[in-house]
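Results of the structural survey
As a plain string of letters, each chain reads:
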Amino acid sequence: MSHFSSEDEAELQSLLRQLLKSVKEKIAGAPSVECAEEILLHLEETDENFHNYEFVRYLRRYISSVLGNVIEEEAERCASAEGQAEGLGHDTLVQHVTKKTRDSKEYREMMHSLKSTMMMVVESLINKFEEDQMRKEEMHRKTQHGSGHYTDNCSDSDSSFNQSYTFMNQEQLQIIAERLDPSQTKEVQHEALQTLCCAPLSDVLNSESWSTLRQNLVVALQDPDATFSDKILKFYAKTFSTSPLNITREIYTSLAKHIETYFLFRENKIINVASGVDIANPDIARLLKKFRLLNEFQKDTPSFWIRHPEKYMEEIVESTLSLLTVTYEQMQRNETSQKTLEPVHFLAMLDIKATWFRKWMHGYYSRTVVLKLLEKKYKSLIAAAVQQCCDYIESCEIGINDTVQLSSMLNQQEISNKQRRPFYTEKELYYIYFVHSVCLLGRLLIYAHGRKLFPVKTKKRNEPVSLMDLIVLIIRILCRNPNVAHRSLTGQSDSYSPASLVVEVLRLLCDRKECATECLYKSRVLDALLYPISALLKGRQVYSNGDEITLTYIADVLARIASTEGGLSLLLYGENAKTAQKEITSSAHTIVQFTKKLLTDEIAAASESEVSPLLKGAFIFVCRQMYNTCEGLQVLIPYGLHKCIAEAWKKASLLSERAPTPVAGVESSTSVAQELQNSMQWEEMLLDSLLNFAATPKGVLLLQQTGAINECVTYMFSRFTKKLQVSRCEKFGYGVMVTQVAATAPGTVALESSGFIQALVSELWSVLECGRDDTRVIHPKSTPIDPIDRSCQKSFLALANLLSSYYAVYELTGKQKLPNKTEYFLREVPASVIDVIDRLVIINSDAKVVSLFNYEQSHTFGLRLLNVLCCSLDTLLLLEAQYKVSELLLKAQRENVTETSGRSEDFIIDGLSVERNHILVRMNLVGGPSERILPPRALQKGSDPYPWPMFSSLPLPKCYLPENAKGSTLKQDADFSKILLSSKKHEKHIGWPESCRKQFSKTMIAKPDAIQGVVLADLLEKFVMHVSDTSSECYFSIPEYKGDTNLKNQTLSSEQQLGIKMTVRYGRQMNILKDSAEQDLTWLLKHSENFLKKQQTPVNSPLRCLQGGYAGHDWFASSLFLIMSGDKDRALKFLQRFASLLVSAFLWLPRLYASIHLPVDIIKSGIHPLYSCISHYIEMLLKQEVPLVFSAFRMSGFTPSQICLQWLVQCFWNYLDWCEICHYIATCIVLGPDYQVYMCLSVLKHLQPEILQHTQSHDLQIFLKEEAITGFQVHKYLEYMENLEQAYRPMIMTDMKKIRQQSD
């Protein structure tokens, strides 16, 4: 049946005709032939009856009869070949059979026959259609009477221009132009116009008589005969749609001039606004048609006028502005009290939101012309628009405003999409003019040159209206908005209400930085926005309008302002930020007070009913834009907003738990389900708001204190997995927030319990090894070139961010053994960090090697991760103590030798051995940038690709220790010794510490090398002795410690013991310590631990870091031991005195571990003040002092607090040389604990070029953790630090002193 018979062709033709009739409505609605083709091509997707059409059924039967046997044979052939088709999926089988069928001879013959037959069928249908059309046209011609002097086929019908044309010469067109002259009789003019309409436009527009014709047509427009003027307008419309701009601009300008003349000289036809506008009036209807023609051209022409000379556009713009300002200027001159209809009234009826003006202002090409003309000649258009806004406010004040009904009328008219109203009342005319004016002014304000047009002089004001006056005016419109459209709360908005219009304008301004700075970031504007809020706080009603919709709109604008740096500064500190930092009257305080009262239901916004969650959420969101920044949180902390939100969340949780379950079939089930949904949304919104406290270090502490950190992190994980945006004002995702939370012990526990860490590990394994499912891999992965493949880079950075903090590593791995299974399944996916370390880092068995699909790549990943982790010395000691990492790496190096070589140390140089060599040097050698040499992890070009010696036992080869790293004995500086000697003469002198500070600063800047060795030790000892004897300088009360003789039975933790060995190695490396130093340092740390235990309180906490003693090594005590050249007694006495000072709380971390001096909730949080206070101010000041670096951190998903916390915890060991470490410690002790903040800022400022560079290469966190801080010297940045001290010390020191309990 591959060929069709004549009967088949006839049947096909009938079926095709039937199909076309069935889809006639769909095709008829298509705007073009191409669209009609698209409809037919996608008919199966859009028409549910597609497979029921007889034509489709016929084709299916035909294809089945021709190809059925071919398909069955091929399917059987594939099924029989079991050996080749084993594991072949259904989809693959279908693809194979389809391909073979399409390549078959039967398929080609069928397609050829089907195409040729269908072409004949379609051609036959077309021929029949053309014959039918010719018969209809013949019948039409017989029924028509020929008329006109120049053509026999020109219809008298005025319904359409789709008629036959007759070519005309110049003489004929000249006669038409003469017959259209106003001096001719009406019959002659009508007949000439009829003939003109039948003439080709190209002949008319290119004729020599066109100028005369155009003038006569304009004059003829004034004819009272509606039929005659309608024909002219249709001719104009046809010209607009088919002619080039050089012609259409003549038509447009002449039509605009005609209407302008009508408004100028309508002596007896003046229509008062008070009388309203009756659309049924023939004069009004004819005038509206003319305006409609103008408006359609206004909206269409900006799309193409850039392709024409600028003068054409200028003529169009000027004629429009001249028309719109004619009556306003006339009224200004006549000073009449009678208000008449203006051109803007008619334009607003057709284009109420001034779409034409928006399109004209969109492109620079036309915008410059519009603004230039407005400034030079037509400023009265702006004045009229401003006057409309003033009139609206006045009508609100005297209570004659019907905004609700008017905006509803316009909104319903737009929704129903019906014909326009038959009659416009006076109020409706004023309102549409007002709406048009607001939209026009809003578009004008977003451009700089538009704002320069202000101030403008209005009719009813003595003083010109400035830009600020206008902004305040439109905000007053928003605030005085009556209680409109409560249906907005249910989701249907009223886009014509004054509030909606004004908010749309304000949003446009907020979204543009320059506009917002010039228009909104002003105290006067904020006062206007906050006026209703301030009034409600004082307990008085605002106008008629404690309306929730209005307040929600205000909150939306405030949130947009607060989301930018300039707006946030204005809210927090006022317009003069420098002088207002200590004030408590800023806008932020008003907002947070109002928000708290909303949450506690102390304010009824619109009535006595309860405030809706929508309004509460809107103002919480405003506060959220402030408290998710360090500076904003600093201002809002005194109000305890986190506690209020937490209480509201707990109430919402209880309500959602108690809500009844909807029952099917019950009438109230729908309302119950809706109520439950609203309750859950409110609960989620509160959780989201609490979560955003975690954006800052201090905010993490506040979030932990609410008790909702686990729920918040679980909520964050649910949004994180869905890749949802943090908020509409947040540019970046949850990366920064995750990193901030992971810097603390409770945050890490919350991340683990939420499933976040398991999901992260699973995602890592899927890109590194394999997924959990058995998805078939069609194409094998490409062999990675880099040690960390691009596909794994994101997972690597996420894991590095998570484990950046020692507290995170300790909570996830502390006191836990590795699985070390005897067998691992190939698709066994790790679920925790311990599993990752077991499978990728510590590969100590053949079972682990065999379990990896990509052993070398995966183990390289694990070693790179280990290298990042070991940059934290506490993490290094933990891994070494628990898993003997160094020993395992050395063993792996011993086993990685050539078998043919007779030497045992002939190592195989490969990627893994190079990585292990680098890590071993890093783990076993301490030092700053010039005190150790770390071998590279990449091979070099040349005959010796890796010149660095490998080793399989300790100690390290000496080549990794530079010669200049060994310390030298320094002589005491004579100048600085004077201040030290004076301390003996004036032991009780109160002013000595201040003198010492000044001399220290001078010496540090002039002769920094003088403050080292013995001089440094003497300085610190004498300074601490003096200040600890001064009651005003002592911050902590210290109990007497006589020592503990039973030290032999006391054992230090494994981490402390390894830290002691590391410290002693470093001291000997620097020629500071003697042979007995290890026992002396052990003695010192035991006494220090006992001394601090007397000031500790027992803690019952699930956190691992709070179980037992301080988790980590005492790096400050170790540093002090080196400064004192190994003198244990001197160091212990120093620590005992030092413990009474405030600086000890931040410089000596074990000092505040479970300390009785801290509030109980701070102790149980496991968050050290070094993070919640010092790190908080580092981020806060970094944003102000080094904004580029702050932005780089935000973009990288890494936080400054994390790297700074690591630097400070280990006293910059491995990051700075010993000399600079000494200067850092001395600077903080002598000049004050706030110098920790200034020190970190200086380091980040020093690293700015490298930070920006590594942000672009997406490895910022790796660079900061692995690389030492080269070239940094404390003395070079001391003046910078002193400047920071003058600006920020009062604020920082005040907060640092708040860590102690009030009763202490």
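Residues numbered from 1 in each chain as written. Predicted model: local features only at pLDDT ≥ 70, side-chain atom pairs only at ≥ 80, totals over all residues. Heavy atoms only, no water.

Counting secondary structure elements, the protein chain contains 64 helices and two strands. Here the protein chain, with 1304 residues, has 54% of them falling under the buried criterion. Long-range contacts, defined as pairs at least 24 residues apart, comprise 76% of the intrachain contacts of the protein chain with a sequence gap of at least 6. A total of about 61,200 Å² of accessible surface is found on the protein chain, and carbon and sulfur atoms cover 51% of it. (Helix = DSSP H or I, 4+ residues; strand = E, 2+ residues; numbered from the N terminus. Buried < 20%, exposed > 50% of the residue type's maximum accessible area, 1.4 Å probe, protein only. Contact = heavy atoms within 4.5 Å. Areas by Shrake-Rupley, 256 points an atom, 1.4 Å probe, with all protein chains shown as cover.)

Taken as a whole and assessed by the stated rule, the structure comprises zero disulfides. With no disulfide of its own, Cys 519 has Cys 515 as its nearest cysteine by sulfur position, at a separation of 6.1 Å. The closest cysteine sulfur to the non-disulfide-bonded Cys 870 is located on Cys 871, 7.5 Å from its own sulfur. (Disulfide = S-S within 2.5 Å.)

On to the pattern of salt bridges. What the rule picks out here adds up to 34 salt bridges. With a shortest N-O distance of 3.2 Å, Arg 624 and Asp 688 are connected by a salt bridge. In this pair, Arg 624 is assigned in helix H31 (residues 613-627) and Asp 688 in helix H34 (residues 669-691), connecting sequence segments 64 residues apart. Grouping residues by exposure puts Arg 624 and Asp 688 together as buried. It is possible to trace a salt-bridge network through shared partners that takes in Arg 214, Arg 249, Glu 250 and Glu 315. (Salt bridge = Lys/Arg side-chain N within 4 Å of Asp/Glu carboxyl O.)

The peptide bond linking Phe 454 to Pro 455 adopts the cis configuration, its omega dihedral lying at 5°. Of note, Pro 455 is situated in the loop between helix H23 (448-451) and helix H24 (467-479). Note the cis peptide between Leu 954 and Pro 955, where omega equals 5°. Structurally, the position occupied by Pro 955 is in the loop between helix H47 (911-924) and helix H48 (974-985). In the Ramachandran plot, Lys 815 falls in the positive-phi region, its phi being about 60° despite a non-glycine side chain. Within the secondary structure, Lys 815 is located in the loop between helix H41 (806-813) and helix H42 (833-841).

This part takes up helix H57 (residues 1169-1185). Count 3.6 residues to each turn of an α-helix, and residues three or four apart come out pointing the same way. With 17 residues, H57 extends 23 Å from end C-alpha to end C-alpha; this agrees with the ideal 24 Å at 1.5 Å per step. Counting buried residues in H57 gives 15 out of 17 residues, a clear majority hidden from the surface. (Expected span 1.5 Å × (residues − 1).)

Attention shifts here to the nonpolar core. Counting 390 residues, the largest nonpolar core has Tyr 236, Leu 374, Leu 558, Met 626 and Phe 1212 as the members making the most contacts within it. Ranked by the residues each element gives to this core, the list is headed by helix H22 (residues 426-445), at 12 residues. In this view, Leu 558 contacts Leu 526, Leu 529, Leu 530, Ile 533, Leu 571, Ile 591, Phe 619 and Val 622; residues no more than four positions away in its chain are not counted. Counting residues in hydrophobic clusters, the runner-up holds 21 residues, among them Phe 4, Leu 12, Val 66 and Leu 114. (Core = buried A, V, L, I, M, F, W, Y, C linked by side-chain atoms within 4.5 Å.)

Tracing the sequence through the fold places Gly 363 in the loop between helix H18 (355-362) and helix H19 (364-376). A relative accessible area of 24% places Gly 363 in the partly exposed class. Counting along the chain gives 61 residues from Gly 363 to Pro 302, while the straight-line C-alpha distance between them is 8.2 Å.

Here we come to the packing of aromatic side chains. Inspection of every chain in the model, using the stated rule, returns 35 aromatic pairs. With 6.0 Å between their ring centres and 90° between their planes, Tyr 1066 and Trp 1218 make a pair best called edge-to-face. Residue Tyr 1066 is found in helix H51 (residues 1054-1069), and its partner Trp 1218 is found in helix H60 (residues 1218-1231); the two are separated by 152 residues along the sequence. Both residues of the pair, Tyr 1066 and Trp 1218, count as buried. Taking 6.1 Å as the distance between ring centres and 80° as the angle between the ring planes, the aromatic pair formed by Tyr 1110 and Tyr 1153 counts as edge-to-face. Pair noted here: Tyr 1110 is in the loop between helix H52 (1077-1093) and helix H53 (1115-1123) and Tyr 1153 is in the loop between helix H55 (1143-1147) and helix H56 (1160-1165), with a separation of 43 residues, a long-range link. Taken together, the ring pairs in this structure connect Tyr 262, Phe 263, Phe 291 and Phe 346 into an aromatic cluster. Taking the ring centre of Phe 1036 as reference, the NZ or CZ of Arg 1151 above it sits at 4.6 Å. (Phe/Tyr/Trp six-rings, centres within 6.5 Å; stacked < 30°, edge-to-face > 60°. Lys NZ or Arg CZ within 6 Å of the ring centre and 35° of its normal.)

Below, the discussion takes up the packing of H41 against helix H45 (residues 873-883). For the pair H41 and H45, the least separation of the axes is 9 Å and the interaxial angle reads 20°. When the interaxial angle is binned, H41 and H45 end up roughly parallel. You can see that H41 and H45 cross each other, and the crossing is left-handed. Here H41 contributes Tyr 806, Val 809, Tyr 810 and Thr 813 to the contact with H45, which in turn contributes Asp 874, Thr 875, Leu 878, Gln 882 and Tyr 883. Residue composition of the contact of H41 with H45, grouped by class: five nonpolar, three polar and one charged. (Axes fitted to C-alpha atoms, helices over the stretch in contact; angles between N-to-C directions. Parallel < 35°, antiparallel > 145°, perpendicular 65-115°, else oblique. Left-handed = near helix turned anticlockwise from the far one by under 90°. Nonpolar A, V, L, I, M, F, W, Y, C, P; charged D, E, K, R; others polar.)

A few words now on the side chain of Glu 1179. Relative to the assigned elements, Glu 1179 resides in helix H57. Within the buried core, Glu 1179 has no salt-bridge partner, and the shortest N-O distance to an opposite charge, that of Arg 1194, equals 6.4 Å. Ignoring sequence-local partners within four residues, the contact set of Glu 1179 consists of Cys 630, Ala 695, Pro 697, Gln 740, Phe 1190, Thr 1199, Pro 1200 and Ser 1201. (Lys, Arg positive; Asp, Glu negative; His and termini not counted.)

Let's shift gears to the confidence of the model for the protein chain. Taken as a whole, the protein chain shows an average pLDDT of 84; of its residues, 84% reach a score of 70 or greater. Note that pLDDT drops below 50 for residues 82-88; the model gives that stretch three contacts with residues more than four away or on any other chain. Confidence drops under a pLDDT of 50 for residues 142-165, and excluding neighbours within four residues, the segment shows 40 contacts in the predicted structure. (pLDDT = per-residue confidence, 0-100.)

Before going further, it helps to spend a moment on a negative patch on the surface. Together, Glu 72, Glu 73, Glu 76, Glu 106 and Glu 109 make up a negatively charged patch on the protein surface. Mapped by element, the contributors of at least two residues to the negative patch are helix H5 (54-80) and helix H8 (105-143). Top contributing element to the negative patch by residue count: H5, with three residues. Relative to the helices and strands, Glu 72 is located in helix H5. (Patch = residues over 30% accessible without salt bridge, like charges linked within 9 Å, V, L, I, M, F, W, Y side chains within 5 Å. Charge placed at Lys NZ, Arg CZ, Asp CG, Glu CD.)

Let us look at a positive patch on the surface. A grouping of Arg 17, Lys 21, Lys 24 and Lys 128 is seen on the molecular surface, where their side chains present a positively charged patch. A residue is classified by how much of its surface remains accessible, and Lys 24, at 58% relative accessible area, is exposed.

It is the contact of helix H10 (residues 186-198) with helix H13 (residues 226-242), at a shortest axis distance of 11 Å, that shows an interaxial angle of 25°. In this view, H10 runs roughly parallel relative to H13, as classed from their interaxial angle. Crossing hand, H10 versus H13: left-handed. Note on element contacts: H13 touches H10 through Phe 228, Lys 231, Ile 232, Phe 235 and Lys 238, opposite Gln 189, His 190, Leu 193, Gln 194, Leu 196 and Cys 197. Tallied by class, the residues present in the contact of H10 with H13 amount to six nonpolar, three polar and two charged.

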